[in-house]
Amino acid sequence: MPLFEIETNSHIIITWAENEDAAREVVHDAYPHDEVVRLTKRPRDTWVISKGALGLTNTTLDPCMVARECLNRSAGDKVNAIRLYRMETGSDLDQARKMIESNMVMGW
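So, here is what we can say about the structure in this document. (Residues numbered from 1 in each chain as written. Predicted model: local features only at pLDDT ≥ 70, side-chain atom pairs only at ≥ 80, totals over all residues. Heavy atoms only, no water.)

### Brief notes about the packing of helix α3 (residues 78-89) against helix α4 (residues 93-105)
Part 1 of the reasoning: Contact geometry of α3 with α4 gives a least axis separation of 9 Å together with a crossing angle of 125°. Between α3 and α4, the interaxial angle falls into the category oblique. Crossing of α3 over α4 shows right-handed handedness. Contact residues: α3 offers K78, A81, I82, Y85 and R86, while α4 offers L93, A96, R97, M99, I100, E101 and M104.
Part 2 of the reasoning: In terms of residue class, the contact of α3 with α4 is built from eight nonpolar, no polar and four charged. (Axes fitted to C-alpha atoms, helices over the stretch in contact; angles between N-to-C directions. Helix = DSSP H or I, 4+ residues; strand = E, 2+ residues; numbered from the N terminus. Parallel < 35°, antiparallel > 145°, perpendicular 65-115°, else oblique. Left-handed = near helix turned anticlockwise from the far one by under 90°. Contact = heavy atoms within 4.5 Å. Nonpolar A, V, L, I, M, F, W, Y, C, P; charged D, E, K, R; others polar.)

Structure representation (structure tokens):
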């Protein structure tokens, strides 16, 4: 059964359906007041949502998010995470150490 991406004026719906008409029926049943803006049959049976497309990758405004991402990329290696944090933010060694260590305590 194909996977469809259906964009309405209020939602983006991902669903399996036999054909486009059945996919439109899914929208009508779930959101009867929504208007279908775009309906696309996906080429594969998996769906990936890009965090960049949603605007979730801009972590420069939240130092904790940057520190947690550095810890994640370094697999918890504190020294490597501090190095990554310094490269990402331009922080000095002491600031980077404090950010990484405080996030390690919070359970990054």
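### Some thoughts on helix α2 (residues 63-73)
Part 1 of the reasoning: Every buried residue of α2 is listed here: V66, A67, C70 and L71. Along the long axis of α2, the arc covered by the buried residues comes to 135°, so they all point the same way.
Part 2 of the reasoning: As for α2, its buried residues are in contact with α3 and α4.
Part 3 of the reasoning: Note on α2: the residue one or two positions beyond its end, A75, has a positive phi of about 55°. (Buried < 20%, exposed > 50% of the residue type's maximum accessible area, 1.4 Å probe, protein only. Arc of directions from axis to C-beta.)

### Things to note about the side chain of S74
Part 1 of the reasoning: Within the secondary structure layout, S74 lies in the loop between α2 and α3.
Part 2 of the reasoning: Using a relative accessible area of 6% as the deciding quantity, one classes S74 as buried.
Part 3 of the reasoning: Within polar-contact distance, the side chain of S74 engages the backbone oxygen of L71 at 3.2 Å.
Part 4 of the reasoning: Apart from residues lying up to four places away in sequence, S74 is in contact with N80, A81 and L84. (Polar contact = N/O pair within 3.5 Å; in protein donor to acceptor, adjacent residues only side chain to side chain.)

### Here's the deal with the pairing of strand β1 (residues 3-8)
Part 1 of the reasoning: Burial within β1 is extensive, with five of its six residues counted as buried.
Part 2 of the reasoning: Here β1 runs beside strand β2 (residues 12-16); their pairing, made up of five bridges, is antiparallel. Paired with E5 across the bridge in β2 is I14.
Part 3 of the reasoning: Between β1 and β2, which pair antiparallel one after the other, the connecting turn spans three residues.
Part 4 of the reasoning: Pairing analysis gives five bridges linking β1 to strand β3 (residues 36-41), with the strands arranged antiparallel. Within β3, the residue paired with E7 across the bridge is R38. (Pairing = 2+ DSSP bridges.)

### Observations regarding unusual backbone geometry
Part 1 of the reasoning: With a phi angle near 55°, A75 is a residue other than glycine that sits in the positive phi range.
Part 2 of the reasoning: Relative to the helices and strands, A75 resides in the loop between α2 and α3.

### Observations concerning the nonpolar core
Part 1 of the reasoning: Core analysis: the largest hydrophobic core is formed by eleven residues, namely V66, A67, C70, L71, A81, I82, L84, Y85, A96, M99 and I100.
Part 2 of the reasoning: If you list the elements that add at least two residues to this core, you get α2, α3 and α4.
Part 3 of the reasoning: Sequence-distant contacts of A67, defined by excluding residues within four places in its chain, comprise Y85, M99, I100 and N103.
Part 4 of the reasoning: The next biggest cluster of nonpolar side chains, apart from the first, holds seven residues, and it includes I6, I13, A23 and V27. (Core = buried A, V, L, I, M, F, W, Y, C linked by side-chain atoms within 4.5 Å.)

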